[in-house]
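Inside the fold
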Amino acid sequence: SAEAGAFYEQLVRPSWAPPGWLFAPVWAVLYALMGVAAWLVWRAHGFKEGRTALALFIVQLGANALWTWVFFVWHQGAFAFAEAILLWCFIVATAASFRRLNALAAVLLLPYLAWVTFAAALTFSTWRLNPDLL
């Protein structure tokens, strides 16, 4: 969302919330790791053998994109938290599926899983601190 930074800055955040500027570089690294992971699976197994794993990867990407809309555009804190939990489940399923095909691909998703775990906790806390905005 174009106004995500401004909206994030006006929210009451927990003391452990990172500054807004940190999100872009973190996500850049995470997307690079995710891309390499998907590429490793595709390169070794193609779309035919890797279909389930790569389909899960695409589903979790969609869930990832949806969170931004739910939180920053629609300002739905409870739904954003629930969606973050759903995203977490999709990442676990994707990593498990990747692991069967390429162990390194699964390992490359672990920082993403860790960040989404943190982001889910941050979403929950921020939602609870901002009942009028979220």
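Scroll up to find the structure this text is about.
Worth saying up front: this structure is predicted, and the values here are computed from it rather than measured.

Some points on the overall build of the protein
- Scanning the protein from terminus to terminus reveals six helices and zero strands.
- Counting from the amino terminus, helix and strand elements in the protein follow one another as α-α-α-α-α-α.
- By the compact-globule yardstick of 14 Å for 134 residues, the protein fits well, its C-alpha radius of gyration being 16 Å.
- In the protein, buried positions account for 41% of the 134 residues.
- Pairs at least 24 residues apart make up 74% of the contacts formed inside the protein by residues separated by at least 6 positions.
- Total accessible area on the protein stands at roughly 7500 Å², and carbon and sulfur atoms take up 70% of it.

Let's talk about the packing of aromatic side chains
- Under the counting rule described, the total for this entry stands at 16 aromatic pairs.
- With a centroid separation of 5.6 Å and 85° between ring planes, the pair formed by W67 and F72 is classed as edge-to-face. Considered together, W67 and F72 belong to a single accessibility category, that of buried residues.
- Look at F124 and W127: their rings are 5.6 Å apart centre to centre, the planes differ by 80°, and that puts the pair in the edge-to-face class.

Conventions adopted
Residues numbered from 1 in each chain as written. Predicted model: local features only at pLDDT ≥ 70, side-chain atom pairs only at ≥ 80, totals over all residues. Heavy atoms only, no water. Helix = DSSP H or I, 4+ residues; strand = E, 2+ residues; numbered from the N terminus. Rg over C-alpha atoms; globule rule 2.2 N^0.38 Å. Buried < 20%, exposed > 50% of the residue type's maximum accessible area, 1.4 Å probe, protein only. Contact = heavy atoms within 4.5 Å. Areas by Shrake-Rupley, 256 points an atom, 1.4 Å probe, with all protein chains shown as cover. Phe/Tyr/Trp six-rings, centres within 6.5 Å; stacked < 30°, edge-to-face > 60°.

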